[in-house]
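Now for the letters of each chain:
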Amino acid sequence: MAVATYTYLLVGGGLAGASACKGIREHDAEGSILLIGSEAHDPYNRPPLTKDLWTGKKQLDGIFANPKAYYAEQQVELKLDCEIVALDSQQKIVTDNRGAQYHYEKLLLATGGTPRHLEIPGAEMEGICYYRYLDDYLTIRPAAVQGTSAVVVGGGFIGSEIAAALAMQGVQVTMIFPEPYLVSRVFPAALGGALTAMYRQRGITILIGDAPTAFEKRGERFVTHTKQGQAVESDLLIVGVGITPNVQLAQMTRLAVANGIVVNELLQASDPAVYAAGDVAFFPYEVLGQQMRVEHWDNALNQGAYAGRNMAGAAVPYTYMPYFFSDLFDFGYEAVGDVNTKLETFADWEQENETGVIYYLKDGKLRGVMLCNVWNKVDAARELIQRGARVTPESLRGAIRSKKSEAA
């Protein structure tokens, strides 16, 4: 079988790979591009899978990264429902699951992550949804009708968003997670506790400090057994407990791997012909002065574009500060930087646990900002972090205000 040759080979059919096409074409209008995706769908945006598709703000045809005609117009060959299973970086050849081989000059690994599976009895039963993909939404959405029930395992980003989405459809939701409150990795205790109470007021049953020990089927229904002795029956069983970065290709060719594929400021791996972007990239976060891996939409969007530019010779360091966002019923937030409750936190509330700004500090310096029901202030938050000055809670009070308070 002949080996097809491409100037740019992009492995990963998500947002980072799609964005890399645009980055490449900004600097190289002619080089051949092959984008390989393991899903059967064109590259799409993931946030609507737990947000706007459920509220009706978006329809299915509005979630794709590019119009259908884009790839042909930009001379990007798109190969979907195809998995790369081997990488030989010395020969610059990848092999897919059908045995076809492709030679590249520059390679992008935008392989994302795989949902973590629980290691308990029944965890691989048919019908359990480890929620991440468009196909998961297409399966769960028609089944999530008023009067049905669902167990959601996990109280982080995915768990909290899908639980809210289901509850808004009239589904009776039970959440199970070991932490003391929702999204405990980023929410301080007061805010996390208030949001947990809000979920309960919305009719969601929350089993905090608990975890599944086994799943079983009773007829068509699932039963979730927990450490605290609960046995919860449900029509739907959804698990959202994080992802594991897909580093297997990097490992088989001995690229540097840590918490993801290690890249430099140009998003190059330890082999300069190989780049990585998106959920799988462990990159130098310049402003924070540390290597990080960021699993958010804005990072994939921008990092993919930077990687594409640099593959085409731009040599522009990735210094962008990505933000992330979520909507949990009436509570929405945007955040930038390192928002981790292991850091010191200071909350500057305009209305307790409803509107305000949470600052995350380490050694007297600002590391991250969360804007709670405060909009159009991400750039102001970035600027505060970029200053790198020593700060105190007193100096931060009122540093960022909502438009509502500014008009008052």
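Analysis parameters
- Residues numbered from 1 in each chain as written.
- Predicted model: local features only at pLDDT ≥ 70, side-chain atom pairs only at ≥ 80, totals over all residues.
- Heavy atoms only, no water.
- Helix = DSSP H or I, 4+ residues; strand = E, 2+ residues; numbered from the N terminus.
- Rg over C-alpha atoms; globule rule 2.2 N^0.38 Å.
- Buried < 20%, exposed > 50% of the residue type's maximum accessible area, 1.4 Å probe, protein only.
- Contact = heavy atoms within 4.5 Å.
- Areas by Shrake-Rupley, 256 points an atom, 1.4 Å probe, with all protein chains shown as cover.
- Lys, Arg positive; Asp, Glu negative; His and termini not counted.
- Charge placed at Lys NZ, Arg CZ, Asp CG, Glu CD.
- Phe/Tyr/Trp six-rings, centres within 6.5 Å; stacked < 30°, edge-to-face > 60°.
- Lys NZ or Arg CZ within 6 Å of the ring centre and 35° of its normal.
- Core = buried A, V, L, I, M, F, W, Y, C linked by side-chain atoms within 4.5 Å.
- Axes fitted to C-alpha atoms, helices over the stretch in contact; angles between N-to-C directions.
- Left-handed = near helix turned anticlockwise from the far one by under 90°.
- Nonpolar A, V, L, I, M, F, W, Y, C, P; charged D, E, K, R; others polar.
- Pairing = 2+ DSSP bridges.
- Right-handed = clockwise from strand over helix to strand, strands pointing away.
- Salt bridge = Lys/Arg side-chain N within 4 Å of Asp/Glu carboxyl O.

A. Expanded view of the overall build of the protein. What the protein contains, in helices and strands, is 11 helices and 26 strands. Here the C-alpha radius of gyration of the protein, 22 Å, is about what a compact globule of 408 residues would show, namely 22 Å. Taking the principal axes of its C-alpha atoms as reference, the protein extends roughly 60 × 60 × 35 Å. Split into buried and exposed, the 408 residues of the protein put 54% on the buried side. In the protein, of all internal contacts separated by at least 6 residues, the share reaching a separation of at least 24 is 60%. Accessible surface computed for the protein: about 17600 Å², of which carbon and sulfur atoms make up 48%. Between the averaged position of the 36 positive side-chain charges in the protein and that of its 46 negative side-chain charges there is a distance of 4 Å.

B. Seen up close, the packing of aromatic side chains. One pass over the full model with this rule turns up 15 aromatic pairs. Here the aromatic cluster, defined as three or more aromatic residues joined through ring pairs, consists of Phe 157, Phe 187, Phe 324, Phe 331 and Tyr 333. The residue whose ring lies beneath Lys 22 is Tyr 70, and the NZ or CZ to ring-centre distance is 5.8 Å. It is Arg 309 that lies over the ring of Tyr 306; its NZ or CZ is 5.1 Å from the centre.

C. Representation of the nonpolar core within the structure. Grouped together as the largest cluster of nonpolar side chains are 71 residues, with contacts concentrated most on Leu 109, Tyr 359 and Val 369. With 6 residues, helix H1 (residues 15–27) is the single largest residue contributor to this core. When residues no more than four places from it in sequence are discounted, the contact partners of Leu 109 are Val 11, Leu 87, Leu 249, Ala 250, Leu 255, Ile 261, Val 274, Tyr 275, Ala 276, Ala 277 and Val 280.

D. A look at the packing of H1 against helix H8 (residues 297–311). H8 packs onto H1 with a crossing angle of 35° between their chain directions and a minimal axis gap of 6 Å. Relative to H8, the crossing made by H1 is right-handed. On the side of H1, the interface is formed by Leu 15, Ala 16, Ser 19, Ala 20, Gly 23, Ile 24, Glu 26 and His 27, while H8 contributes Trp 297, Ala 300, Leu 301, Gly 304, Ala 305, Gly 308 and Arg 309. Classifying every residue of the contact of H1 with H8 gives 8 nonpolar, 5 polar and 2 charged.

E. Layout of the pairing of strand S2 (residues 33–36). The alternating pattern of S2 places Ile 33 and Leu 35 on one face and Leu 34 and Ile 36 on the opposite face, and all of these are buried. Sheet analysis places strand S1 (residues 4–11) next to S2, joined by 4 bridges and oriented parallel. Bridging from a neighbouring strand, Tyr 8 pairs with Ile 33 of S2. You can see the chain leave S1, run along H1 and come back into S2, and the turn it takes is right-handed. When S2 meets strand S3 (residues 76–79), the two strands line up parallel, connected through 4 bridges. The residue bridging Leu 35 from the neighbouring strand is Leu 78, located in S3.

F. Main features of the pattern of salt bridges. Counting across every chain of the model gives 14 salt bridges. Note that Glu 295 is salt-bridged to Arg 293, the shortest N-O span being 2.8 Å. Residue classification places Glu 295 among the partly exposed residues on the basis of a relative accessible area of 33%. A salt bridge links Asp 379 to Arg 382, with the nearest nitrogen and oxygen atoms 2.8 Å apart.

G. Broad picture of the environment of Gly 388. Its place among the elements puts Gly 388 in the loop between helix H9 (378–387) and helix H10 (393–396). On a C-alpha basis, the gap between Gly 388 and Ile 140 in space is 45 Å, while along the polypeptide they are 248 residues apart.

H. Layout of the sheet that holds strand S13 (residues 221–226). The 3 strands lie next to each other as S12-S13-S14, forming an open sheet whose pairing is antiparallel. Only two strands of the sheet have a single partner each, and these edge strands are strand S12 (212–218) and strand S14 (231–234). Strand-to-strand twist in this sheet, taken as the mean axis angle between neighbours without regard to direction, amounts to 20°. Of the strand pairs in this sheet, S13 and S14 are connected by 4 bridges, and their pairing is antiparallel. Within the sheet, the bridge partner assigned to Thr 224 lies in S14 and is Val 232.

Taken by themselves, the reported measurements are silent on function.
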